[in-house]
Amino acid sequence: MDWKIEYNRWKDSKTLDESYRQPLECQVNESVLEDSFYKNLEFGTGGMRGEIGPGTNRMNIYTVRKASEGLARYIEEKGQEAKLRGVVIAYDSRHQSPEFALETAKTLGFHGIQTYLFDALRPTPQLSYTVRYLHAYAGIVITASHNPPEYNGYKIYGPDGGQITPSVADEIIHHVNTVEDELAVKVADPEELQNTGFLTMLNEKMDNAYINQLKSISLNQEKDSQINKDLKIVFTPLHGTGNLPVRAGLKALGFENVTVVNEQEQPDPEFSTVASPNPEEHAAFELAIQYGEELDADILLGTDPDADRVGVAVRNLEGNYEVLSGNQLGALMVDYLLSTRSKNGTLPENGAILKTIVTSEIGRYIAESYGLTSIDTLTGFKFIGEKIKEFEETGEHTFLFGYEESYGYLIGDFVRDKDAVQSCLFAAEMAAYYKSKGKTLYEGLLDVFVKYGYYQEALESLTLKGKSGAEQITTIMDEFRQNPPEHIADQKVVRVEDYQLSEATRVLENVKEEIVLPKSNVIKYKLENGAWFCLRPSGTEPKMKLYFGVKEDSLEASQRMLKQVKNEVMSLVDQILTVRV
């Protein structure tokens, strides 16, 4: 599409809101204008995400209306029952999130679709729960998760409360693409929608239902134990939606000694106290660590803006607070869950652990030690949610736990997306369990390593923005496909898994095998010593992500091997960017 034609169409539109017209008229940087209009904001498998501002390639009320119009047409196609079941809408603390949520309701309401809109910000997992609770046909959450402040997004959920699957997304995308002019999408009056009953506001009644359900994830038979009451917890919602539900959930499980980081307690779309509101970034715990030192806290918890991801920090052997990796916290959760349920006699024989292809292998090893199944999915929690639904329909497995290395976990399947509220409660319970044994959570992690092996993982993210960044990412993936490395860290590459081709190659035998997963632009390389690395362009951010994993007989050996693998792979990437771009 010709960006200048699109730019002029917007600028000259008589219906364009003045809050968008003025920035367009004042913008003199042509590269910014080109990036704003050179394409339509991509509506992917889960929705869309982008920078806020005027333009076809930006998040604004018009691109939100276009997405909602496409969803409305999809729901209309499914019949009157789908319209009556309706859509639940939630939003986070980001810029214009309330406005985008209301525009969504106005657009759906114009089509006579029942809508349920939360009266204030709520976490993403609560949206998932509410879709299931109300038996709604779909859900929408306005969020950009942990992206920088200039971003917002639009994520769609299906009737099961899980993120929509690729096949459903394709149908919705088709309808979105039939919307010819996003500036001309019709919307209803919100007051009229409320008067006619097509718009219902959701309040604390839904909060109470969710909090009551959270109690079911606890494995502790003595929820009101003194250990729980005495456990010193520091919690930061990082200016997002986690503040009230996490505190209410902890209280419901008997955790009374909870201190919230005051400077990060209130919603703030600028996330002004952190460089990034992402618990994966250890710098986000700086204030929480200060609180922890002052209070001698047992555990520090941090949730991202929409409270689907959680980070945990605990004292290491030197007495300093260390932020656990997503894989480490996941290993602790799997071990605690399976060992406790085994002792309680509640471990089903057909139980299954779900994890993604870039998540540590330690979870699989732990599950197998209990005679249970571990199943890999593509990256993205929607695929874990899809598997849970499949288990319900077939009875082949009983869902026990799902997780991904990027700090996303699910214990109770009354939610069908990663749930940081559940995870905070479960992490606190684990800390209380180990404290009752005279150990820290970090010492518990070392026990897991001693039992199952010293697994270490790492992630490198390259931020490559705009059109040129997208071209760089394509070049990196093409080069690794066309000229795959034969050795890394003095180890032969023995297996290459190309998820875009749905094909795995056993390199030494030159044997090809089918990968029975949806196609995805991901390549994974496995080395002869069990180490692996994986390349994956992010589907939600302008990033190239590289994952690394190793297992050795000692912590020191695993750290050495991890460093060597990572350095050699990143050196190859640097060469590609230098020579080919």
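Provided above is the structure to which this section pertains.
For clarity, every value in this text was computed on a predicted model and none was experimentally measured.

Visitor: Just to check I follow, could you spell out the overall build of the protein for this structure?
Guide: A count of helices and strands for the protein gives 20 helices and 23 strands. A compact globule built from 581 residues should have a C-alpha radius of gyration of about 25 Å, and the protein, at 24 Å, falls within 12% of that. Across its three principal directions, the C-alpha atoms of the protein cover 70 × 60 × 50 Å. Residues counted as buried form 59% of the 581 residues belonging to the protein. The long-range fraction of contacts in the protein, counting pairs at least 24 apart against all pairs at least 6 apart in sequence, stands at 69%. Surface summary for the protein: the accessible area is close to 23400 Å², and the carbon and sulfur share equals 46%.

Visitor: Would you mind showing me how to read the pairing of strand S14 (residues 398–404) here?
Guide: Successive side chains on a regular strand alternate, one facing one side of the sheet and the next facing the other. Of all seven residues in S14, six are buried; the element is thus mostly enclosed. For S14 and strand S15 (residues 408–410), the ladder comprises three bridges, and the chain directions are antiparallel. Residue pairing for S15: Tyr403 is matched across the bridge by Tyr409. Between S14 and S15, which pair antiparallel and follow one another directly, the connecting turn spans three residues, one of which, Tyr407, has a positive phi of 70°.

Visitor: What's the story with the packing of helix H7 (residues 124–133) against helix H10 (residues 204–214) in this structure? I'm lost.
Guide: Packed helices, taken two at a time, are described by the angle their axes make and the gap between the axes. For the pair H7 and H10, the least separation of the axes is 10 Å and the interaxial angle reads 100°. As summarised for this structure, H7 and H10 are arranged roughly perpendicular, according to the angle between their axes. When H7 is examined against H10, the residues Pro125, Gln126, Tyr129, Thr130 and Tyr133 are found in contact with a partner set consisting of Met206, Asp207, Ala209, Tyr210 and Gln213. In terms of residue class, the contact of H7 with H10 is made up of six nonpolar, three polar and one charged.

Visitor: Any chance you could explain unusual backbone geometry here in plain terms?
Guide: Negative phi is the rule for most residues except glycine; trans is the rule for most peptide bonds. For His135, which is not glycine, the phi torsion reads 55° and is therefore positive. One can find His135 in the loop between H7 and strand S4 (138–142). One non-glycine residue, Tyr407, lies in positive phi territory at about 70°. Residue placement: Tyr407 occurs in the loop between S14 and S15. For Tyr407, a relative accessible area of 5% puts it in the buried group.

Visitor: Can you help me understand the nonpolar core in this one?
Guide: Buried together is how nonpolar side chains tend to be arranged in soluble globular proteins. Among the nonpolar cores identified, the biggest contains 82 residues, and Ile299, Leu301, Val312, Leu338 and Phe401 are the most heavily contacted of them. Among the nonpolar cores identified, the runner-up in size contains 46 residues, and Tyr7, Leu16, Tyr38 and Ala101 belong to it.

Visitor: Explain the sheet that holds S15 here, please?
Guide: Adjacent strands of a sheet pair through backbone hydrogen bonds, lying either parallel or antiparallel. Ordered in space as S13-S12-S14-S15, the four strands form an open sheet in which the pairing is mixed. Each edge of the sheet is formed by a strand with only one pairing partner; in this case those strands are strand S13 (373–377) and S15. Sheet twist, expressed as the average angle between the axes of neighbouring strands with direction ignored, equals 20°. Contacts from helix H14 (residues 326–344) reach strand S12 (351–356), S14 and S15, with the element oriented near 165° to S14.

Visitor: Whenever I open this one, the side chain of Thr143 confuses me. Can you help?
Guide: Secondary-structure assignment places Thr143 in the loop between S4 and strand S5 (151–157). Of the residues examined, Thr143 reaches a relative accessible area of 3% and is grouped as buried. One polar contact links Thr143 to Asp92, side chain to side chain, over a distance of 2.7 Å. Ignoring any residue separated from it by four or fewer positions in sequence, one finds Thr143 in contact with Arg49, Asp92, Arg94, Thr124, Asn152, Gly153, Tyr154 and Asp306.

Visitor: Mind showing me how you'd approach helix H16 (residues 381–394) here?
Guide: Residues separated by three or four positions in an α-helix point in the same direction, a consequence of the helix having 3.6 residues per turn. For H16, which comprises 14 residues, the first-to-last C-alpha distance of 20 Å matches the rise-based estimate of 20 Å (1.5 Å per residue) to within 8%. Looking only at H16, the buried set comprises Phe381, Lys382, Phe383, Ile384, Gly385, Ile388 and Phe391. In this structure, the buried side of H16 is in contact with helix H8 (166–177), S12, S13, S14 and S15. Residue Gly395 follows H16 closely and has a positive phi angle near 75°.

What counts as what
- Residues numbered from 1 in each chain as written.
- Predicted model: local features only at pLDDT ≥ 70, side-chain atom pairs only at ≥ 80, totals over all residues.
- Heavy atoms only, no water.
- Helix = DSSP H or I, 4+ residues; strand = E, 2+ residues; numbered from the N terminus.
- Rg over C-alpha atoms; globule rule 2.2 N^0.38 Å.
- Buried < 20%, exposed > 50% of the residue type's maximum accessible area, 1.4 Å probe, protein only.
- Contact = heavy atoms within 4.5 Å.
- Areas by Shrake-Rupley, 256 points an atom, 1.4 Å probe, with all protein chains shown as cover.
- Pairing = 2+ DSSP bridges.
- Axes fitted to C-alpha atoms, helices over the stretch in contact; angles between N-to-C directions.
- Parallel < 35°, antiparallel > 145°, perpendicular 65-115°, else oblique.
- Nonpolar A, V, L, I, M, F, W, Y, C, P; charged D, E, K, R; others polar.
- Core = buried A, V, L, I, M, F, W, Y, C linked by side-chain atoms within 4.5 Å.
- Polar contact = N/O pair within 3.5 Å; in protein donor to acceptor, adjacent residues only side chain to side chain.
- Expected span 1.5 Å × (residues − 1).

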